[in-house]
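Read off the chains here:
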Amino acid sequence: MTEASKGAAPAAESALTGRRSRITPEREAELYGAVLDLLREVGYDALTMDAVAARTRSSKATLYRQWGGKAELVVMAIRRGKRGRLDEVDTGSLRGDLLALIAHEDDCTMEQNSALMRGMAMAVHHNPDLRQAFREQLVGSETEQARSVLQRAVDRGEIRADCPALDFFVHMMVGGFATRMLLDDQPPTQAFLTSYIDAVVLPALGVRTT
C-alpha cells in the first residue's frame, strides 16, 4: 500500500464528516440502519436516493449534501454498521483478538451480513464509483486496523517480523468469510470461523494454537 493510499481513507472520512456535521449521531445511525435495510431488500443497483429519502423521512438534497452520492452513503452505512473494530480489541494474544472480534456478531447476523456482502461484491464489480468508495472508505481502514493488530502480535513475539503471510492476513480473513457459502452452501458461523482461524490463519502466521 502506498503512502498516498494510506492517507486516502482518513482524508475521505474527514471530508464526509464535514458534510455530515449537522446530523446528530442518533439520526446518522438511523439513516445508516435504513440504508442497510434497503440494501438487503432490493440490492445496490435497485436502491435509489429517492427510496432512502422516503424511508428516512429526509430530503434527497440533504442526503446528497451530506454524503455526495449513493456509493458514499452505502459504503459509510456498511462501515458504521460493523460491530467492533479489530484495532480496539486487545486480549493479549492474536488468537484472543480474532475470536473476540467474531464474537461481536451472532450466527444470524453473520448470515445476514454474508448475504449482503455477496450482493455488494457483484455491485462493486459493475460500479466503478462504488469500487472507489469501498477502497477509499472501507478497504484502507480495515487494512490499517489489521496492520495495527499484527504489529502488536509481532511486538509480543507471536509472529516473526519477516513472516511472508503477514501481507495476506486480510485476504485470508475475507476469503474464509466470503467463500463459506460458495464452497459449502452454508453461511459463516462463529464455530466455522473459529476453526478456520485455528486451522488456517494462525498456522500460516506461525502462531501456535495449543
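Before any of the text, the structure's been laid out above.
Everything in this summary refers to the structure shown in the same document. (Residues numbered from 1 in each chain as written. Predicted model: local features only at pLDDT ≥ 70, side-chain atom pairs only at ≥ 80, totals over all residues. Heavy atoms only, no water.)

Residue position: Glu-105 is located in the loop between helix H6 (94–102) and helix H7 (107–126). Residue classification places Glu-105 among the buried residues on the basis of a relative accessible area of 15%. Of the polar contacts made by the side chain of Glu-105, one reaches the side chain of Asn-113; its length is 3.1 Å. Excluding residues within four positions of it along the chain, Glu-105 makes contact with Arg-83, Met-110, Asn-113 and Gln-190. (Helix = DSSP H or I, 4+ residues; strand = E, 2+ residues; numbered from the N terminus. Buried < 20%, exposed > 50% of the residue type's maximum accessible area, 1.4 Å probe, protein only. Polar contact = N/O pair within 3.5 Å; in protein donor to acceptor, adjacent residues only side chain to side chain. Contact = heavy atoms within 4.5 Å.)

Time to look at helix H4 (residues 60–67). The set of residues buried in H4 consists of Leu-63, Gln-66 and Trp-67. With its buried residues spanning 75° around the axis, H4 presents them on a single face. The positive-phi residue at the C-terminal boundary of H4 is Gly-68, with phi of around 90°. (Arc of directions from axis to C-beta.)

With 29 residues, the main nonpolar core has Leu-39, Tyr-44, Trp-67, Ile-78, Met-120, Leu-130 and Phe-134 as its most contacted residues. Within the residue set of this core, elements represented by two or more residues are helix H2 (25–42), helix H3 (49–56), H4, helix H5 (70–81), H7 and helix H8 (128–156). Looking at which element gives the most residues to this core, the answer is H5, with 7 residues. (Core = buried A, V, L, I, M, F, W, Y, C linked by side-chain atoms within 4.5 Å.)

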